[in-house]
Structures are given as structure tokens and as C-alpha cells.
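Survey of secondary and tertiary structure
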Amino acid sequence: MARKKIIFVFSFLFILSSLIKSSCLYAGYNIDIQNIKQAFMERQYDTALSLIDKYTGKSNYVKNKSFFVFLKAECLYQKKDYDACINILEDSLKKFPKNKYIDQAIFTLGNAYLQKGNYDKALDVFNQLLEKYPGSKIAKDVFYQKAKIFVRLKEFNTARQLYEELLSKYKNKLPDLERILIESASIAFKQKNYDIAIKEFEDFIKQFPKSRFLDEAIYMTGMCYYNLERYKEALLVFDKIINTYPGRAIWASYNKALTYMALNEASKAVLLLENYKKEFPKNILMPDILYWLADYYFSNNKTDKAILYLKEIVEEFSHDDIAQDVYMKLGEIYYEKGDKNQALIYYDSIKDNDPIYLESRLKKVDILLELNKHQEALDVLLNIKKEKLDKSILQDLYFRLGRTYILLKKWHKALDAFRKAEKGSNLDIVLKSTFQIGESFYYLKKYKESLSVFDSLQRKLIPTNHIDLYYQAQLNMAKCYEQLKDKEKAGLIYTQLIKNNIEKYSEIARERRRR
């Protein structure tokens, strides 16, 4: 909001001053500059654009074409028609490279790219402006816009450097110094330089005791103390906010509750949030408060109350981003309660463009397999496979596909999936995939191939911590020898398993040796 305000104010003053001069220069011509000026001042940009187009081609327009072109681009920018604004300026800056309004035109072009989210292009334009016109009156605004871009990109070190340069060069010329000081300190906070941030916020509080940003500065010192684990000091700050600044009371109360949790005083945190739930039921933080309370109650075996609060979020705040996390949480709770079908309903409620969508699909697959709905599980996995996935996720997906094909007795497809999973970087999945390849060969009655895989695997497993898989591989080797009619070698393995006295495997070995 601050950035947009600064952009508009500067652009507005630039155009207004130009129009006033123009109204004097063009007196006597059939160009009603006053009407254009008034339309722009009243933010009636469509009217201004219509008047500009009306005069296109007239003698005075031709003589002062650059002025009208840049003014037209400015109107388009204010209308948020950034593509049209960019097209006009990219063309006009080449045609009128020495126009007296050139720095403002370049600035508007950079801002248009910024509004479109094309940060690289915006930075390129702003850098060109500073390079070509270092003495421009809008240089300080360019520094500010660049800093804001790097904040959005989460490149806080660069953003911080730009703020410091801005304050060093233009501190006495900044129309909104207080805001910039607050934003600079906030970047130190985002860099996790909490001690530096505290100093800057406290300096601000002393220097501007009546600032409109005073409550923010005080609140942020509390957040710094919290992150430094100076919890008692954080509590004092949050209490001051609660008692002095009602507008920030809910935020302070929420973080006060988190501070109580950090001090292992959960009952105080719950009491505080329950009171605010009653007092401010429609507050912007309420979804987070309800979610936190639900998580607390679920962790303390109060499942029904947790479900009640989570459903309240869904019913009252379905538009909020947290709703997707709520569906996931409800799915997990109902799964633990044993209601797998209800869990599936909540997992299916998660939007396909949400970051947790993939996780919800995989949880759905697990439930479908438990419900013996193998074909449905396979269909879900094959749909996931169509997406662009990271290599680590793809490896896990192939392993799950292989397991599902085995349940469907599609041994060859299982082999193919496990071989692909075996090529991944996750060692745990690699070893389990190798084991499953051996199992697949066994089901295909290719006992020699199966034996070879298990023999190779158990040798690899000796120096690892996969003890269970090691003994399972040995047991399967014995089964292969049985199928190959080599009872002597099978008996030797069973005897060794019995001697090792691993309960699960020694019992199986005794039973099979008796046979």
C-alpha cells in the first residue's frame, strides 16, 4: 500500500505540474488542457485518455507529442492497464530519448513491470534510470522501489543495503521517513538480526514518540524478544500493546499465548485464546486461533473438541488459506479415529492448486490400499504421475506404484516401477525397492533371479541398520532354495535364523524347517 501511494503521489505531482505549464503554453489553441488536467486530478483516466486521443493529429499535438504520449501512458498505469502502458513507453522512450520527462517515464515503466510481477525487468529498468540520471529528483523513489522488490524476493541482505543507502543519501529529503525507518528495522527482523532490530525499533520509539507507527515499533520489539527466547520481556511488551493499542491487541494476545506455550504454561495460553475467541469471534486471526486450540485439544486427547473447532473454521472461514490445512488435519483425525471414509472426504476437499494437495493424494492412496480398493489407489497414483514432480517425490511415487501393482498381481508392471524407484537417491527406498524386485521375481516363479537379488541385497545390508530387511531377505532366500529343491541350503539358512533368535524370523524358520 505504501509503495502504491508513493508511486501515485509522485506521478500525480509530475503530471499536474506539467499540465499547469501546458495550459499556459497552449493558450489560443483548440486544445482544452484544463479539461485534461481536471480529468486527471479527479482520477477520471478514461476521460483524460479520450481527450488526449481527440487531439491526436492536431498541429499542437504533433509539436508536443512526447508530452501527450507520456501522459497517456501515465493514465494507463493508473488504470492498471500495465501491458498497454509498457507498450507505449517502450516505443516512446526510443522515439523521445531527450524529453525532459524521460526520467519520470522510465520510472513509470519500471513500476509497470513491477506491478506485473516481472521483477527482473523492473530492476533492469530502475538500474538504467539510476545509471543514466543519477541526479534525478526521483532517484530516492527508485532506491525505495528496488528495496521493495528485494523484500518480495526475500533477498533481505540486498534489500537492507538499499534501505541503508537510501537513508544515508536522502534521509533529510524523504517525505515518509518514519515508514522507511520502520521498514528497514523490519528487514533486520526478517534477517533474524533481532538485536539490531530491537535497537532500531527502540531508537525509533525515542525519536518519534507520536508516530503513527509507534504501536508497530513497540509490537515488533516484543516479537524480537520472543524470537530471542527472552520470554518475560516479550510478555511485558505484549501486555503494553494489549492495554494501550486495541487495534493490535488480538495480535499481541495471540503471540502472548505462544509465549506462554514456550514457557510451558499451556493452561494460560488456552485461557487467553478462549477468552479472545468469545470477545472477537470474527477477528482476522480467529482461524489461526481456532486451529491452534484444535491442535492443542487433539494433542491432549480431546478429539471431539478439536473437531468442533476445526469445523468452525471450515464453516466460518472457508475462504481463508488455512482452510486447506484444516481439511488435512480433519482427515488425519478421522483416520486416527478409524473413520477412513470420512478421512477420504476431507482429503478430497483440498484444492488441487494448494501446496499440500500432493500430500493429501498420497494419504488418500494409503487409505484406499487399507480399504483394499487397489484399483482406485492405482488410478490416483497414475494421475499424480502426470504432474511435474521432484526426483525425490518421483522415486517415492514409483515405489508406491510398485506396491500397488503387486497387490493387483501385475508382477511385470511392479518390476518396472521398482526398477525406476531403485535408481533414486533415497537409500531407504532403494533398498526396499531392491527387496520388492526380488519378491516380484518370486511371484513370477523366477526363483533363480529372485535368489540372486536377495543374496546381493543381504550382502549390501550387513553394514547398515536395516536389520529387519536383512533377515527378511535371508528368509526369502531360503524360500527360493525350497522352490529350487535345494533343501540343504534352505535348511542352513533356517538354522542360522533360529540361532540368531530374532523372534519373528526364528519362529517362521522353525515352522518351515519342520515342513
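Presented here is a report on the structure given in the accompanying data block. Keep in mind it's a predicted model, so treat the numbers as computed, not measured.

Let us look at the overall build of the protein chain. Scanning the protein chain from N- to C-terminus turns up 29 helices and zero strands. Going through the 515 residues of the protein chain one by one, you find that 50% of them count as buried. When the accessible surface of the protein chain is summed, it comes to about 27,500 Å², and 49% of that surface belongs to carbon and sulfur atoms.

For the coordinates displayed, the defined rule picks out zero disulfides. Take Cys-85: it sits in no disulfide, and the sulfur closest to it among the cysteines is that of Cys-75, at 9.9 Å. Among the residues examined, Cys-85 registers a relative accessible area of 0% and is labelled buried.

The subject of this paragraph is the pattern of salt bridges. Evaluated as defined, the whole model comprises 28 salt bridges. For Arg-400, the salt bridge identified is with Asp-366, shortest N-O distance 2.8 Å. In this pair, Arg-400 sits in helix α23 (residues 391-407) while Asp-366 sits in helix α21 (residues 357-370), placing the two residues 34 residues apart along the sequence. Accessibility expressed as a relative area gives 32% for Asp-366, which makes it partly exposed. A single network of salt bridges, built from pairs that share partners, joins Arg-160, Glu-164 and Glu-200.

Here we take up helix α24 (residues 411-421). Among the residues of α24, those classed as buried are Trp-411, Ala-414, Leu-415, Ala-417, Phe-418 and Ala-421. Against the buried residues of α24 lie α23 and α25 (427-443).

Another aspect to go through is the nonpolar core. Judged by nonpolar contacts, the single largest core of 85 residues is most densely connected at Leu-89, Leu-93 and Phe-201. For this core, the element with the most residues is helix α5 (residues 65-78), which contributes nine residues. Every residue in contact with Leu-89, bar those within four places of it in the chain, is listed here: Phe-70, Ala-73, Ala-105, Thr-108 and Leu-109.

The next point concerns the packing of helix α19 (residues 322-337) against α21. The geometry of α19 relative to α21 is characterised by a closest axis approach of 11 Å and an angle of 20 degrees between their N-to-C directions. In terms of orientation, α19 lies roughly parallel with respect to α21. Between α19 and α21 lies a crossing of left-handed hand. Of the residues in α21, those in contact with Met-328, Glu-332 and Tyr-335 of α19 are Glu-359, Ser-360, Lys-363, Ile-367 and Glu-370. Per-class residue counts for the contact of α19 with α21 are three nonpolar, one polar and four charged.

What counts and what doesn't
Residues numbered from 1 in each chain as written. Predicted model: local features only at pLDDT ≥ 70, side-chain atom pairs only at ≥ 80, totals over all residues. Heavy atoms only, no water. Helix = DSSP H or I, 4+ residues; strand = E, 2+ residues; numbered from the N terminus. Buried < 20%, exposed > 50% of the residue type's maximum accessible area, 1.4 Å probe, protein only. Areas by Shrake-Rupley, 256 points an atom, 1.4 Å probe, with all protein chains shown as cover. Disulfide = S-S within 2.5 Å. Salt bridge = Lys/Arg side-chain N within 4 Å of Asp/Glu carboxyl O. Contact = heavy atoms within 4.5 Å. Core = buried A, V, L, I, M, F, W, Y, C linked by side-chain atoms within 4.5 Å. Axes fitted to C-alpha atoms, helices over the stretch in contact; angles between N-to-C directions. Parallel < 35°, antiparallel > 145°, perpendicular 65-115°, else oblique. Left-handed = near helix turned anticlockwise from the far one by under 90°. Nonpolar A, V, L, I, M, F, W, Y, C, P; charged D, E, K, R; others polar.

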